[in-house]
Amino acid sequence: MTVSMKNNISVILVEPQSPGNVGMVCRAMKNMGLAELRIVKGCPLDHPEAYKFAVSAKDLLEGARVFPSLEEALADTELSVATTRRHGKYRQEIYSPGEIVQKIAANLAGNRAALVFGREDSGLTTDELSLCRWHATIPTSAEYGSLNLAQAVLIFCYELFAGLGEGTVAGEARTLAGSAAQEALFGQMERTLLRIGFLNPQNPDHIMRTVRRIFSRAELDDREVAILRGMMTQIDWAADQFKGKKGQ
């Protein structure tokens, strides 16, 4: 199977604050052969500054799709990459742009990909990162590591262009479960695990974020998601006689 890089990879901006930055992102994308921009809320796209900095990429700006949430922007995407500058407890297994391109290249046949970038001042939240399959960062100087949004987008787009080219990518198609299917699974798992007392009701996300990372590494397809959801349904049925958490 062969697929087009241009048509199968999106750039998603979450709540961008500067119309000029959005325009520069459009220019960077067009320089590197990408064509689909998605916006999660944020600044107005018809602002003069956006058009000014888009230059010859005004068609990308005018064709950008706006979504009310990141979850909805990712719904049809199997290979999602959250970009982050920070490391921490829930920000581990962070890849470089080159490593991410290798992962995308190995799976792009049969799947859609998206690069997700956060707000200029605060980036992506931990919850937003948890919606994505992989995390990536651009190595920078410890003295001053903050990059402009459009600069960061350009670096990732360049790595994609250098690694994949602007033509087609060949490979065996193994279609992975999309973001919407995975979110439905994680929602069902959380409800079931709360019901049987495995999760702390006051802070279920503490364990669920780790569960998400486990299954993201597994790269589930739709059949595997269906099996896991069936397992959760069976656990729910068996839990009708649940008398409380083990050891209590």
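For the structure, see preceding data.
What you see is a predicted model; the values in this text were computed from it and never measured. (Residues numbered from 1 in each chain as written. Predicted model: local features only at pLDDT ≥ 70, side-chain atom pairs only at ≥ 80, totals over all residues. Heavy atoms only, no water.)

(A) Looking closely at the sheet that holds strand S2 (residues 9-14). A sheet is described by the order of its strands in space; here seven strands give the open sequence S4-S3-S2-S7-S5-S8-S6, paired in parallel fashion. Among the strands making up the open sheet, the edge pair consists of strand S4 (65-67) and strand S6 (94-95). Two elements, strand S5 (residues 79-83) and strand S7 (residues 113-117), share four bridges in a ladder whose sense is parallel. Each bridged residue has a counterpart across the sheet, and for Ser80 the counterpart in S7 is Ala114. (Pairing = 2+ DSSP bridges. Helix = DSSP H or I, 4+ residues; strand = E, 2+ residues; numbered from the N terminus.)

(B) A look at helix H8 (residues 149-164). Taking 1.5 Å per residue as the helical rise, H8 with its 16 residues ought to reach 22 Å, and the 22 Å between its terminal C-alpha atoms agrees with that figure. Buried within H8 are the following residues: Leu149, Ala150, Ala152, Val153, Phe156, Cys157, Leu160 and Leu164. Down the axis of H8, the smallest arc covering the buried residues is 160°, so these residues share one side. Looking at where H8 begins, the residue whose side-chain oxygen comes 2.8 Å from the main-chain nitrogen of Ala150 is Asn148. Once H8 finishes, Gly165 follows within two positions and takes phi at roughly 75°, a positive value. (Expected span 1.5 Å × (residues − 1). Buried < 20%, exposed > 50% of the residue type's maximum accessible area, 1.4 Å probe, protein only. Arc of directions from axis to C-beta. Polar contact = N/O pair within 3.5 Å; in protein donor to acceptor, adjacent residues only side chain to side chain.)

(C) Here's a closer look at the packing of helix H9 (residues 179-195) against helix H11 (residues 222-238). It is the contact of H9 with H11, at a shortest axis distance of 10 Å, that shows an interaxial angle of 20°. With respect to their mutual orientation, H9 and H11 come out roughly parallel. Relative to H11, H9 is oriented so that their crossing is left-handed. Here Ala181, Ala184, Leu185, Gln188, Met189, Thr192 and Arg195 of H9 come into contact with H11, specifically with Asp222, Val225, Leu228, Arg229, Met232, Thr233, Ile235, Asp236 and Trp237. Residues of the contact of H9 with H11, tallied by class, amount to nine nonpolar, three polar and four charged. (Axes fitted to C-alpha atoms, helices over the stretch in contact; angles between N-to-C directions. Parallel < 35°, antiparallel > 145°, perpendicular 65-115°, else oblique. Left-handed = near helix turned anticlockwise from the far one by under 90°. Contact = heavy atoms within 4.5 Å. Nonpolar A, V, L, I, M, F, W, Y, C, P; charged D, E, K, R; others polar.)

(D) Just the nonpolar core, in detail. Core analysis: the largest hydrophobic core is formed by 40 residues, its most contacted members being Val11, Leu13, Leu37 and Ile104. In terms of residue count, H8 provides more of this core than any other element does, eight residues in total. Residues contacting Val11, with those up to four places away along its chain left out, are Val25, Met29, Leu34, Glu36, Leu37, Arg38, Leu115, Phe117, Val153 and Cys157. Formed by 14 residues, the second largest nonpolar core is a distinct cluster that contains Phe67, Ala73, Leu131 and Cys132. (Core = buried A, V, L, I, M, F, W, Y, C linked by side-chain atoms within 4.5 Å.)

(E) How the structure looks around the pattern of salt bridges. Applying the stated rule across the entire model yields 13 salt bridges. For the salt bridge of Arg209 with Asp127, the shortest nitrogen-to-oxygen distance reads 2.6 Å. With Arg209 in helix H10 (residues 205-218) and Asp127 in helix H7 (residues 126-130), the pair connects residues that are 82 residues apart, well separated along the chain. Residues Arg212 and Glu183 are paired through a salt bridge, measuring 2.8 Å at the closest nitrogen-oxygen approach. (Salt bridge = Lys/Arg side-chain N within 4 Å of Asp/Glu carboxyl O.)

(F) Broad picture of unusual backbone geometry. You will see that Lys41, though not glycine, has its phi angle at about 50°, which is positive. You can see Lys41 is positioned in the loop between strand S3 (36-40) and helix H3 (48-54). With relative accessibility at 43%, the residue Lys41 sits in the partly exposed group. You will see that Val55, though not glycine, has its phi angle at about 55°, which is positive. Among the structural elements, Val55 can be located in the loop between H3 and helix H4 (58-62). Judged by its relative accessible area of 35%, Val55 falls in the partly exposed class.

(G) Layout of the pairing of S3. When you tally the buried positions in S3, you get five out of five residues, the bulk of the element. With burial as the criterion, each face of S3 is covered, one bearing Glu36, Arg38 and Val40 and the other bearing Leu37 and Ile39. Inspection of the sheet shows S2 paired to S3 by five bridges, in the parallel sense. Across the sheet, the residue bridging to Leu13 is Ile39, located in S3. You can see the chain leave S2, run along helix H2 (residues 19-31) and come back into S3, and the turn it takes is right-handed. Judged from the three bridges that link them, S3 and S4 form a sheet pairing that is parallel. Bridge pairing links Ile39 to Val66 in S4. (Right-handed = clockwise from strand over helix to strand, strands pointing away.)

(H) Structural detail: the packing of aromatic side chains. On inspection of all chains with the given rule, the structure shows one aromatic pair. Between Phe117 and Phe156, the ring centres sit 5.7 Å apart and the planes meet at 75°, which makes this aromatic pair edge-to-face. Note that Phe117 is positioned in strand S7 and Phe156 in helix H8, a separation of 39 residues in sequence. Look at Phe117 and you get buried, because its relative accessible area is 2%. (Phe/Tyr/Trp six-rings, centres within 6.5 Å; stacked < 30°, edge-to-face > 60°.)

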